[in-house]
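Remarks on the overall topology
Spelled out from the first residue to the last, the chains are:
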Amino acid sequence: MDHLSGAKIKWAGAGKNIFEAKKPALITADGVTVAIFSSTDNAPRYSAQNNRAGTWYTEIPPAAEFYEAIDGEIEHLRRENVRLIVFSVHWGPNMVESPSSAVQEFAHRLIDHGIDIIHGHSPHVFQGIEIYKGKVIMYSTGDF
């Protein structure tokens, strides 16, 4: 993270503690600000804690507190004129050709709570794209 910051590269989904790991990266180009959240449902042993660096580990399905926290952050971002909110998530088992019903439900709920684009990855195979309520869900972009 220090190297990324030193190179002026933004990141999301990891941090020196859980609060930093949950923060979105904010990128502005041509006057348009995009927020990018990132989390994983893999490797809970690397999850950030109050006083420990790590990743933003999210169980699927997540607890109700997850949605309460993300709602507050999305409301704040919209007030700050963030035009696009992306959730990049490392989810699901490897080499599985279709997302589980739990992953699909989680994706739909993220859109319902204000996420604009979901970028799924982890399975190492392409799992398809869904348009849900006019928003894009990429379940797995393979190794991209």
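Quantities reported herein were computed from a predicted structural model and do not represent experimental measurements. (Residues numbered from 1 in each chain as written. Predicted model: local features only at pLDDT ≥ 70, side-chain atom pairs only at ≥ 80, totals over all residues. Heavy atoms only, no water.)

**A look at the packing of aromatic side chains**
This is how the line gets drawn: The aromatic pairing rule takes the rings of Phe, Tyr and Trp, using the six-membered ring of Trp, and pairs them if the centres are within 6.5 Å, calling planes under 30 degrees apart stacked, those over 60 edge-to-face and the rest tilted. A ring has a charge above it when a Lys NZ or an Arg CZ is no more than 6 Å from the ring centre and no more than 35 degrees off the ring normal.
In this structure the tally under the stated criterion is 11 aromatic pairs. In this structure an aromatic cluster arises from ring pairing among Phe37, Trp56, Phe66, Tyr67, Phe87, Trp91, Phe106 and Tyr139. A cation over an aromatic ring shows up here: Arg109 above the ring of Tyr67, its NZ or CZ 3.9 Å from the ring centre.

**Digging into the environment of Gly128**
To be explicit about the condition: A run of H or I in DSSP counts as a helix once it spans at least four residues, and a run of E counts as a strand once it spans at least two, with each numbered from the N terminus. Pairs of residues are marked as contacts when any of their non-hydrogen atoms sit within 4.5 Å.
For Gly128, the position within the fold is in strand β7 (residues 126–132). In contact with Gly128, other than residues within four places in its own chain, are Ile137, Met138, Tyr139 and Ser140.

**Some details on the side chain of Ser122**
What counts is decided by this rule: The rule is simple: take the accessible area with a 1.4 Å probe, protein chains only, and divide by the maximum for that residue type; under 20% is buried, over 50% is exposed, in between is partly exposed. We call two N or O atoms a polar contact when they sit within 3.5 Å, provided that within protein one can donate a hydrogen and the other can accept it, with sequence-adjacent residues counted only if both atoms are side-chain atoms.
Residue placement: Ser122 occurs in the loop between β6 (117–121) and β7. We classify Ser122 as buried; its relative accessible area is 5%. Within polar-contact distance, the side chain of Ser122 engages the backbone oxygen of Gly92 at 3.2 Å. Those residues in contact with Ser122, other than ones at most four positions away along the chain, are Asn42, His90, Trp91, Gly92, Asn94 and Ser140.

In short, shape yes, function no, at least from these values alone.
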